[in-house]
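Architecture at a glance
Each chain, written out:
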Amino acid sequence: MMNPEKKRLRRTMMFLNAQKPGLIKDPYIYKPDSIMLDLEDAVAENQKDAARFSLYHALREINYHGCERVVRINALDTPYWKEDIRCAVAGGCDSIRIPKTERTEDVKLVEEAVAAAEKEFHIPEGRTLIMAAIESARGVMKVLDICESSERLFGIALSGGDYTKDLQTHITGTGVELMGARQNMIIAARAAGVQCFDTVYTNLNDMEGFRKEVESIHLMGFDGKSIINPRQIRIVHEIFTPTFKDIIFAEKVVKEIDDKKAKGIGVFTVDGKMIDIAFYDGAVRTIYMAKAAGVYKGDL
Amino acid sequence: MEIVQPAMAGTLESSDCQVTVEPGDDGIEFNLESVVINQYGNQIKKVVMETLKNMEVSQVKISVIDKGALDCTIKARVEGALFRSAGQFDNLPWGGAVR
Amino acid sequence: MINAVGRDIPEEVLKATGKEVFQGVHYKDGYTYKKDGPVTRCVSDNKKSKLVDSIYDVLIKCNIKDGMTLGFHHHFREGDYIVNMVMEEVHRLGIKDITICASSLGKAHDPIVPYIEDGTITNIQSSGVRGKIGKAISSGKLKGLAIMRSHGGRVRAIESGETRIDIAFIGAPTCDDYGNCRGIGGKSNCGVLSYALVDGDYADQVVAITDCLVPFPNFPAHISMTKVDYVVVADAIGNPDKIATGAAKPTTDMRKLMMADYCTQFVVNTPYFKDGFSYQTGVGGASIASTISLARIMKERNIRMRFGVGGLTKPMCDLLANDQVDCLLDTQDFDLDAVESVKDLKHFRISAGEYANPFNKGAVVNKLDFVILAALEVDVNFNCNVVVGSDGEITGAQGGHPDTAAGAKCAIVIVPLLQGRIPAVCTEVTAVTTPGESIDVVVTDYGIAINPKRQDLIDCMKGVDLPFKTIEELRDIAYSIVGEPERVEFDDKVVGIIESRDGTILDVVRKVKEYTFTDN
């Protein structure tokens, strides 16, 4: 059976250094959909061990009030990742993020280690999900295979910094250097039925630039964005919140189709116009997003 | 666990604590310096003692410089220092001695 | 004896001070009294000069002796040199038993601690103390009782004769040889001299100390020559870098921004937020951020402020510059923009008495719609503590907190729920410094609590999308995260009293006991 959490709402995924007690104690007050407790880049090489204890007890003892708790483990070419997985799974994390994913084998390796840890620590099998970060040209070229590599995999995320280095360019702020990766990834993710998340925006002084980027990836079809500061949350959630007009229309679509289907009628009209059954899933998703954003108070 | 060499974990940042362990020969010698000692001194001591007990440490000099850390952080720093002292970084007893 | 905020005030303290226990914010309304006047020595001989060479000489001229009370103001904030300069000379003269009556004392005054230890200073009356003086008082080193009183309370104590100032020392950024003082100009420009005006009016002898002597007349004078006995010129009376700093950059800390946003949303949803409203706020990051977001909403909704009060900072002065407020009433300037704004014709200087004295025939605070305050602790009865740290040590000042809270129609306290591990919302504050009956709303990063006494405010927030909680819920959230704190252990010895605005006793501060583990 599919873990229902695979499809949960993930508009914002906030990076936090797992080694910083001041950061991990209450990020939920800002209401991100997910937090990503980082054992990788944020943690210095000589603190990898200490970060795990900090992570383990945070996972066990801090009530994150429904925020998804993703743990970013160290890369598979380091000596740390296996123990990272044991620690994170034993702590009861919701998901593991694999950095620098390039091959289906990477996901398989992690999947095995996660399954073994679930068994070792008596965690229900299949509880711990996986996401894959794509950080290289090779990763982008293999992205559909990666998306389809594991039943546990709920999504993929672009990591723009490393990816643009691999491409021999850099983050320009225009998005031109990320166009190909973004398009490939969202198409592959949709084809495989998993979620797709955009890279971080690091210039905290340019909130307008951030807003434009979020608007653009929202239109491209992305499910959410990785963020580095709670100030970015509100903007993302605003953009991912359906407009009043969309909500009214979606509500009419859902009600019309449910109603007519119950009566055995196969022709649907909203506001006097014929609509197609293909509108249904989109309308349900709109209502779901509106509910998540707290703007839908209707009865659906 | 036997403490064979000195080790330290944690920082002096706000909400963190720095824990130092050294070999001892007179049971548990506990020393605490805390910005919240008046309000949480006993609680911090209790957490440190429980953690040492879970790790089966009975001979140690342990000193904690606390900057307002929560219990979960104090535990993590004590364990961090102990496992560093023991030189063990893999196959840790998550959910066992570490709990 | 238990007072109206449930604090037990020891009989011996009542006996020693002759004071009553606190019996409610407006207990003394209608009280009739005769004001106390200074003993004045007139200057009619036109050949006499008021200029004196040194502080030492002026102390001799003023006949300084054991047991006198000296007045000081704190417009130079952490940049003040006056208190230390004067006390050094007092100490050199071997004088004992001095009472310091200051509008406030800070870390800048750490150097006077040895004079507390050796009995030069035996009493301190101040809005509050920080740094080493706080530690010295809390460890029982001050011989007498420290009295902590609000800005309005200080004026009351002086005007009613409860405190008689023998010599007041007024740091004056500019002064002429006849004693006309201004807060404006010079090297130690602090904008206004509001807290010192009562010293000028009521101290027997008044000494102006300046580092910028200007030709007569230094007009319009903030403190007139008619009240000044002597003028001393010093090399420096303060450190300009610490008197008025550059305006603080608006905070980017999301926690503060979130609290500021909650606060502003609350303000704009009250019936008081309408054309012609009045407002005061503090200097904390969240208070400043809430002023900025409020200004934006005022513009959007075309709502104009009638007057702003305070301790002023750039965002308040921007309201004047942008024509969003009719006038500002100023008691203190916290940044260079505020000092500069004093030149604006609609930026009025007011005295601490006009601002907040409860024994006036009315004060400005009584006309406030909103005041936005901070606190170290708030308890489930909405009592606030802004003076005593959770560890029992004196480390803050009442300032205008109890005055504005009592006066404003809507007093809002913004406080992060947790300060490190310390829960800011607790069962019982370490010391009550503003009574809960004056506090209407507590805004934290975890939610907002309205005082149940304000059913009207609760009603008008129905349907407003803010995270409302009860004050008990806020406390419970805090305790669930950090654990319930142990009570700080105090000695029986009382080291200070927290005076209510009206002179009654709100609380006492006791000597802190050294910590010991309970299971030893």
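Note that the structure is a prediction, hence the values are computed from the model and not measured.

Observations concerning the pairing of strand β10 (residues 230-233) of chain C
All names here are of chain C. In terms of strand pairing, strand β1 (residues 51-52) meets β10 through 2 bridges, oriented parallel. Note that in β10 the partner of Val52 across the bridge is Val232. Relative to β10, strand β9 (residues 205-210) runs parallel, the two being bridged by 4 bridges. From the neighbouring strand, Val207 faces β10, where its bridge partner is Tyr230.

Remarks on the interface of chain B and chain A
By a frequent convention, interface size equals the accessible area lost on bringing the separate parts together. Facing the 21 residues of chain B at the interface are 17 residues of chain A. At 8 residues, the largest contribution of residues to the side of chain B that touches chain A is made by helix α2 (residues 71-86) of chain B. Its residues assigned to classes, the side of chain B that touches chain A shows 10 nonpolar, 5 polar and 6 charged.

As for helix α11 (residues 244-262) of chain A
Residues and elements named next belong to chain A. The terminal C-alpha atoms of α11 lie 27 Å apart, and with 19 residues this matches the ideal 27 Å at 1.5 Å per residue to within 8%. Along α11, the positions that sit buried rather than exposed are Ile247, Ala250, Val253 and Ile257. End-on, the buried residues of α11 take up no more than an arc of 125°, which puts them together on one face. Turned more than 90 degrees from where α11 packs its buried face, Phe244, Lys245, Asp259 and Ala262 sit exposed. Each element contacted by the buried residues of α11 is listed here: β9 (268-270), β10 (273-275) and α12 (279-292). Backbone geometry just after α11 places Gly264 at a positive phi near 80°.

Let's talk about the interface of chain C and chain B
On the side of chain B, 15 residues touch chain C, which itself brings 14 residues to the contact. Considering only residue class, the side of chain C that touches chain B consists of 6 nonpolar, 5 polar and 3 charged.

Considerations on the sheet that holds strand β3 (residues 28-34) of chain B
Residues and elements named next belong to chain B. In space, the 4 strands of this open sheet follow the order β1-β2-β4-β3, with mixed pairing throughout. For this open sheet the edge positions go to β1 (7-9) and β3, each flanked by a neighbour on one side alone. On average, each strand axis in the sheet is inclined to that of its neighbour by 10°, with strand direction left out of account. Sheet analysis places strand β2 (residues 17-22) next to strand β4 (residues 60-66), joined by 6 bridges and oriented antiparallel. Bridge pairing links Glu22 to Lys61 in β4. Lying on the sheet, helix α1 (residues 37-54) is in contact with β3 and β4; it crosses β3 at an angle near 145°. α2 contacts β1 and β2 of the sheet and is inclined by roughly 35° relative to β2.

Calculation rules
- Residues numbered from 1 in each chain as written.
- Chains lettered and ligands numbered in written order.
- Predicted model: local features only at pLDDT ≥ 70, side-chain atom pairs only at ≥ 80, totals over all residues.
- Pairing = 2+ DSSP bridges.
- Helix = DSSP H or I, 4+ residues; strand = E, 2+ residues; numbered from the N terminus.
- Contact = placed C-beta atoms within 7 Å.
- Nonpolar A, V, L, I, M, F, W, Y, C, P; charged D, E, K, R; others polar.
- Expected span 1.5 Å × (residues − 1).
- Buried ≥ 20, exposed ≤ 12 C-beta atoms within 10 Å, placed from the backbone.
- Arc of directions from axis to C-beta.
- Axes fitted to C-alpha atoms, helices over the stretch in contact; angles between N-to-C directions.

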